[in-house]
Amino acid sequence: MSTLRTAAPVRVTPEGLGWEPSGRWVRGRTKGVTVVDSRHPVLVWEPGVPVPLYAFPREEVREDLLRPAQHPRTGTHTGSRIFYDLHVDGEWLENAAWTFPAADLAGHLAFEWSARTGRGLDHWYEEEEEIFVHPRDPYKRVDALPSSRHVLVEIDGTVVADTRHPVLLFETGLPTRYYLPREDVRLDLLRPTSHSTACPYKGTAEYWSWRGGADVPADIVWSYPEPLAAVAAVKGLLAFYNEAVDITVDGERPARPDTHFGAALSGRSAD
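Let us look at the structure shown here.

Quick notes on the sheet that holds strand β11 (residues 123-126)
No. 1: Spatially, β4-β3-β11-β12 is the arrangement adopted by the four strands of the open sheet, whose pairing is antiparallel. The open sheet has two free edges, formed respectively by β4 (33-38) and β12 (129-131), since each of these has just one partner strand. This sheet shows a mean twist of 25 degrees between the axes of neighbouring strands, independent of strand direction.

Some thoughts on the side chain of Glu 46
No. 1: Structurally, Glu 46 can be placed in the loop between β5 (42-45) and β6 (53-57).
No. 2: No salt bridge forms around the buried Glu 46; measuring N to O, its nearest opposite-charge neighbour Arg 116 is 6.2 Å away.
No. 3: Setting aside anything within four residues of it in sequence, one finds Glu 46 in contact with Leu 17, Leu 53, His 77, Thr 78 and Phe 100.

Thoughts on the nonpolar core
No. 1: Formed by 39 residues in total, the largest nonpolar core has its most connected members in Val 153, Tyr 179, Ile 220 and Phe 240.
No. 2: Per element, the largest residue contribution to this core is four residues, and it comes from strand β19 (residues 203-210).
No. 3: Setting aside anything within four residues of it in sequence, one finds Ile 220 in contact with Ile 155, Trp 208, Trp 210, Ala 239, Phe 240, Tyr 241, Ala 244, Val 245 and Leu 265.
No. 4: Within the second largest apolar cluster, 22 residues are counted, among which are Trp 45, Leu 86, Leu 93 and Ala 96.

Here's the deal with the pattern of salt bridges
No. 1: All told, the structure shown has 18 salt bridges when counted by the stated rule.
No. 2: Linking Asp 188 and Arg 186 is a salt bridge whose minimum nitrogen-to-oxygen distance equals 2.7 Å.
No. 3: Residue Asp 188 is classed as partly exposed on the basis of its relative accessible area, which comes to 46%.

Reading guide: rules and limits
Residues numbered from 1 in each chain as written. Predicted model: local features only at pLDDT ≥ 70, side-chain atom pairs only at ≥ 80, totals over all residues. Heavy atoms only, no water. Pairing = 2+ DSSP bridges. Helix = DSSP H or I, 4+ residues; strand = E, 2+ residues; numbered from the N terminus. Axes fitted to C-alpha atoms, helices over the stretch in contact; angles between N-to-C directions. Buried < 20%, exposed > 50% of the residue type's maximum accessible area, 1.4 Å probe, protein only. Lys, Arg positive; Asp, Glu negative; His and termini not counted. Salt bridge = Lys/Arg side-chain N within 4 Å of Asp/Glu carboxyl O. Contact = heavy atoms within 4.5 Å. Core = buried A, V, L, I, M, F, W, Y, C linked by side-chain atoms within 4.5 Å.

Put into structure tokens, the structure is as follows:
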């Protein structure tokens, strides 16, 4: 039985793993099969990785579906050496689970999330809400606040949005995002794309690209048609990447922020 059942602050193992128990009921599924059903998950932060993952007591995992990995990915996940392949619905998912080489996490298994790594379990739930990509970090905050600020958005000198009814989204570690009513955005200057992303804090986003001929990256505008409850105020509103457009707020135009999103956008072609 696991001993990690009581609330405690983040602890750090000699291997550099940060961890703390979580009070959330977490389930992981793939191909319609529940592989993880845990009321005692543990959040784990690997060294140098900005987002957490979960580890689960073995007794809350379908171990009957696991076999020692035929080709273990030794050396990954903070030096882990014990990996498992998952057998579900006649298919083997290689290296879907592993154990951490830390005494504090003995008796626990961690799983890959397919939306993040391309393999592992593809549906995850905290309580009755589906979550995406990775667990939500309890030390990260996301607030969506309606505002009366004057927000003006320009692309290559063309005004594409002008509103006094934005919703400002403040997310720890990221620049402020300005979500704008559709009626205040020049939708005729944008074209919808097939691009889509998922966020554990906000939900699933759809995207638009700039129709103009300027050297502007693709997918610079997004919206959450059905956002998670915590950020319901942004439903259906449009946001622009500050990294790729010029945004003026109450007459002030700050410099474009330097984020990993900017680097990713620079590699996208609008064609």
